[in-house]
Each structure stands twice: as structure tokens, then as C-alpha cells.
Amino acid sequence: MLLKIGIKNLLGAGLRTWLNVFVTSVSFFMIIFMSALYDGMREHAKQVSIDTEIAGGAYWHPNYDPMDPMTFEDAHSKPPSEINKLIDDNEAFPVLVSQASIYPNGRMMPVIMRGIEPNQELINLPTKVLNTQNNSYIPVLIGRGMAKYTNLKEGDTFMLRWLDANKTYDANDGVIVHIMDTENFKIDMGQIWLPIKHLQQMLNMPKEVTYVTYKKKIPLVDNYEDWVPKDVKYLIRDMEAIIEADEPNAVVMYITLLILAAIGIFNSQVLSIFRRRKEIGTFMALGMTRTKVVSLFTLEGGLNAFLAMLMTIIIFGPVFWYFGIYGIPLPIDYSDMGLIIAKSLIPVYSIGLFISTAIIIAGTVLIVSYLPSRKISKMKPTDALRGKITV
Amino acid sequence: MNSNSAISIQNLVKSFPVGGDFFIALKDLNIQLLKKEFMGLVGPSGSGKTTLLNIIGGLDAPTSGKVSVMGKHLDNTSHSERAKLRRKHMGFIFQSYNLLPVYSVYENIELPLILNKVDPNKREKKVKEAIEWVGLSHRVNSRPAMLSGGECQRTAIARAIVHQPALILADEPTANLDAENSHQIMKIMLQLNNELDTSFVFATHDEKIMSYLSRIIHLEDGKIIKDEKIK
């Protein structure tokens, strides 16, 4: 009965209802879209790291600590045989890491050299450009950020100086063979990429590597000796830590949008009760109990939320779809700031996001509909009939 | 209490707090209304007509005294019991119609039946009957804003009688109407009184409708100054 009357009241109010529903629907859209954008941003950062750096995980040399370049000097050896077999089967590729200095345009700059197998296909790096037969120079691949920072262009030559395994300083010319576009600043800023065999020769470390990155979704080898397996979860922990640190911001944003939606509905409910005093009195005179009148107004608020959900799907569904496919282009490159942010932000929607948002908004709407409706239970029917409020 | 009695009022007093004092709106009233009576509460503004009507309708509570409507004592019933009594056995007609603006004529009239959980098929039949009684068949889909004052009041009457209550309380039902509409409305109510055996209580100071009443209680300053039966 209440549902029927509630639907009649809502639909009968025409434009007033649809405006309220639209405002709630915009809040729905904003909450879902902003959360999805946020999730998309975080997901993208993780995905970029996995695609361009981590793949399925890595076996580290026991002395390797990527946060401490001083360890690089001792973090190299021939990998255990089972790991070597993975490399031979193209299910992994080796990387040798060492410190060096470069002298672009007469300036000195410390860098990290990473020797990589040029034919690897496990991570999304254009390493094939490092395939060269010319041994008179060192082919070097750098990122767009590094190129900008060092003012180097494709074909530029610069001096490279390093300490080899015999603790002897050597130097040679490096040539930029390619400048790659990457959103992952960790493989760009301060990094230069070389063919691993070339680097092994330079460092006098034949067949030695620092870590071996393996393919996604393959099990760990049985015997990795003293090498240390690091899975994706471990390798993206810094990203997870940033996300976790950022969680309060996401919650604040979510709550702010929710409060905005709640205030809109609360406002319309309060207005509704003030505007509809006579109607409330009439309902009471016709024999509706106070509890039922309160329930009716609360239900109308709930129906408002339900219609808003439908409207969100109908009106904003295509908007969700469009941005889900094409994203929102960002005007500046954030990789210079040490952030992994896509050049185009793509929101990531999940069923969980839709359901949790719908439940939270519907719950909030019911509460903010109920609170002003409680005034009705304190209203004298005789005053309500005259359009007066005595609470 | 007489079994033929629709309303029984004994020593009814109603007072309202005004500032630090009390204003006594009804002073020691005693009234018996028999079933099928067509009674008017007549008096100037402030004489207590509407207050008495509200107390009979269970919309307001007496300060002291006993009020029984359709055999139910109102002084010791809960809000919801009084709401049920109104829903089942009473109909209200207001001076300003109090029609729900977003409902059509049909939906306004249907509302008491929905509240009484009447089966949809029976509901349709009863609404159509009520619409015919008040002569609004051509206006069923109109909203109150599109109706004249007379049509609004006829809709309100149809809403009050659609569930065929035993008692109808009408507060100044003709105050906003011209003479012709007032007479039409009164004729309709008189006809319903005869055909449906419904008791009517009017609060009015409209001279035009006096001639239709079978009993007039004159109120002044909250007291009955005259109780006249008209043949």
C-alpha cells in the first residue's frame, strides 16, 4: 500500500521529483566515476610496473638491494642452473646492474646501467633496438624523461665511465639508439639500458647477472640456491604502500561526495515535509497512522534513490562506457614528478564498486529521509491540516 | 450509551495553553448524535465548532470529559486506534478541500480505499460509484488545480463517502463556494444521508445550508446555547 502511494506521490510530483532524482543521480555518478578514476589510476600504476618492469617476478642475487646502489658492486654471479634453464627456455631474462657516470654535454651525471637481453619479450621495453653488430660503441636505450634531463637525442654520443670487476675504471662512448616513451619513471630517470652481453664484457663479468625476471604465471623453480625469489606482490609493495598511504584521501573524497548527495536529499526531504504539511494532515485525517506517514516519506526518499540509480544507468551509463574506453587525457606528463600516472586516465569500474556505492547511497538516503520524517511523528494532525508545524 | 447513537459526548472540556494561561474552547458540552442524523454545529468564528469536530474525529484530544464515536471511547484509545476508527468509519470534508495536488480526481477518491486495503476490482467499482454520485464522471483524470471550487468540493465529498463510512464530519464545506454550488453540494450530501444511512456533522456558519439540516446545535464561546431539531 505504502509503495503504491509512494510511487504515486513521487511520479505525481513531476518535475520536482525528477530534479531531485537528477541531483541524486549526479552524486551517484560522481561517486562512482571519481572512485573508478582513482582505482584506475592506482591499477594503472601497478599494471605499468608489471608490464614494463616486473613481469611475473624475479630471482635476485642474494646481495642485491635495489634501494642501495653500493650493493651492486657485489650483486652479480652466474645464476643457478635451474634459473639458467628458464633463461634458455625464454621463460626468463637476465639483467645485470651496475653504477656508472655519464658525461653528456660536458656534465657529469651518475646513472645506473642495466644490461638486458635485447630479445626478451617478457616486459614491454623496446629492447630489440639494442641489437647491434657494431662493437665500436655502446648502444644505449633511455627513457623520454632521462633524455629530457640529460638533453640527449637519438644518435647523440656521450662518454660513459664505469668500474669493472677488477676495480679498474674504464670509459667508452655510448650512443643513444632509441628514446622510449614510458610511464614508469623507475626504468627511466637515472637509468640507461644496454645489451647484457655488452655490459658483461665491459664489467668483465661474463655470464654474470644481478637478477632474473621471469614470465607471468609460472611456478618457482625447485632449486634457486641462495638466490632470492621475489614475487609480484613484493615487487609492487612500494606502489601498494603509496596506495595505502593515499587511502585516507580516497576515503575523504568518497565521504565528501556522499555527504553532498546526502545533504541534497536531506534538503529536499525537509522542504518536502514543510511544503506538504497539509498533505500529511490529510493522510492522518483519512486514517493513516503517524508511523505509516513517516514510513511513507522515508520510502519516498528510498524510491528517490532507486530512481536515481536507474537514471544513473540510463543517462550516465554511456558516459561511464566512453571514459572506460577512451579515458581522460591529462594535460601534463607526471612522470617528471616521479609519479606513474597514465597520459590518459582510464577509470576502472568493478561490480563491487557499483554494488557498494548503491548500498551505501541507498542506506544514506534512507537515513537522511527518515531523520526529517521523524518530525511528522511529533506533528499534531489539526495543525498539519491547517498547514502549521508545531515541532 | 444508546445503541442507535453515533456520537456520545459527556461533560466535554477543551482548553489550550495561551501564553501563561489557558483558553477554554469548549465548556462542559453534552451531545448525543443518533445514527443517520444530519446535524449542524452552528456559531460564529471562535465558538468551538472546528475544535469539537476535531475531537469527534479523534484528531484532537479532550482536556476532560468522555467522547464515544461509533461505540468507541476516544479518551482511552491510542493514536493508531483513532487512526483506524477514522479510516474505517469516518469521512472528512474540509473547507479548503485538502485534495492531494499530485493525484487525479480518481486517485484522490481512491485513496481511502487503498488505505483500507480494498481489493483493486472492488476499488474501481466503488470509486466509479462515488464519482457518479457527485457527478464528476467527466473529470476523473483531472488534477485538483484544473477543477473549479465546486468540483474540488465534490471530489472531497466523493473521497469522504467512497468507503461508505458511518459518519461524515464536514468543516465549513460550503464556505468557499458560491450559492449555486453550495446548494448542489448540500443536495448531494442529503441524498447520501438518505441512501447510505450516513450520519453527518457539519461545522458551519453559512446561512444557506441551514435549511438542509435536521438538527442544529448553536455554539457560542464554547457552550451550547441552543439545540434545535428541525422537521
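As a starting point, this report considers the structure included with it. None of these values were measured; they are calculated from a predicted model. Counting of residues starts from 1 at the beginning of each chain's written sequence and follows it residue by residue. To label them, take the chains in the order written and letter them from A, then take the ligands in the order written and number them from 1. Local features in this predicted model are restricted to residues whose pLDDT is 70 or higher, and side-chain atom pairs enter the listing and the counts only when it is 80 or higher, whereas totals over whole chains, interfaces and linings include all residues.

1. Some points on the sheet that holds strand S10 (residues 223–229) of chain B
By definition, the strands of a sheet pair up through backbone hydrogen bonds, in either a parallel or an antiparallel sense.
All names here are of chain B.
Next up, step 1: By this definition, two strands are paired if DSSP reports at least two bridges between them. Going along the chain from the N terminus, every DSSP run of H or I of four or more residues is numbered as a helix, and every run of E of two or more is numbered as a strand. Pairing within the open sheet is mixed, and its six strands lie in the order S6-S7-S8-S3-S9-S10. On the outer flanks of this sheet lie strand S6 (90–93) and S10, each paired with one strand and no other. Ignoring which end each strand starts from, the neighbouring axes of this sheet average 15° apart.
Next up, step 2: Relative to S10, strand S9 (residues 215–220) is paired through six bridges, and the arrangement is antiparallel. Within the sheet, the bridge partner assigned to Ile217 lies in S10 and is Asp227.
Next up, step 3: A pair of residues counts as a contact when their C-beta atoms, built from backbone coordinates, are separated by no more than 7 Å. In this analysis, axes come from line fits to C-alpha atoms, helices being fitted only over the stretch in contact, and the angle between any two N-to-C directions falls in the range 0 to 180 degrees. Against the sheet, helix H5 (residues 149–161) contacts S6 and strand S7 (167–171), and its axis sits at roughly 170° relative to S6.

2. Looking at the interface of chain A and chain B
Next up, step 1: If you look at the interface, chain A gives 20 residues, while chain B gives 21 residues.
Next up, step 2: Those elements that provide at least two residues to the side of chain A that touches chain B are helix H1 (2–12), helix H8 (277–285) and helix H11 (381–385) of chain A.

3. Quick look at the nonpolar core
Next up, step 1: Leu41, Ile56, Ile157, Ala158, Leu169 and Val201 of chain B are the most contacted members of the largest nonpolar core, which totals 101 residues.
Next up, step 2: By residue number, the principal contributor to this core is helix H9 (residues 290–326) of chain A, which donates eight residues.
Next up, step 3: If near-sequence neighbours (up to four positions away) are discounted, Leu41 of chain B is found in contact with Lys49, Leu52, Leu53, Val201, Phe202, Ala203, Ile217 and Leu219 of chain B.
Next up, step 4: For the purposes of this analysis, a nonpolar core is taken to be any set of buried Ala, Val, Leu, Ile, Met, Phe, Trp, Tyr and Cys residues that are connected through C-beta atoms within 7 Å. As a rule, residues whose C-beta atom has 12 or fewer other C-beta atoms within 10 Å are exposed, those with 20 or more are buried, and those in between are partly exposed; C-beta atoms are placed from the backbone. Counting residues in hydrophobic clusters, the runner-up holds 50 residues, among them Trp60, Ala92, Ile192 and Leu194 of chain A.

4. Side note on the packing of H1 of chain A against H9 of chain A
All names here are of chain A.
Next up, step 1: H9 packs onto H1 with a crossing angle of 60° between their chain directions and a minimal axis gap of 9 Å. In terms of their interaxial angle, H1 and H9 are classed as oblique. The interaxial crossing formed by H1 with H9 has right-handed handedness. For the pair H1 and H9, contact is made by Leu2, Leu3, Ile5, Gly6, Ile7, Asn9 and Leu10 and by Lys292, Ser295, Leu296, Leu299, Glu300, Leu303 and Asn304, respectively. An angle counts as roughly parallel when it lies under 35 degrees, as roughly antiparallel when it exceeds 145, as roughly perpendicular when it falls between 65 and 115, and as oblique in every other case. A clockwise turn of the near helix away from the far one marks a right-handed crossing, whereas an anticlockwise turn of less than a right angle marks a left-handed crossing.

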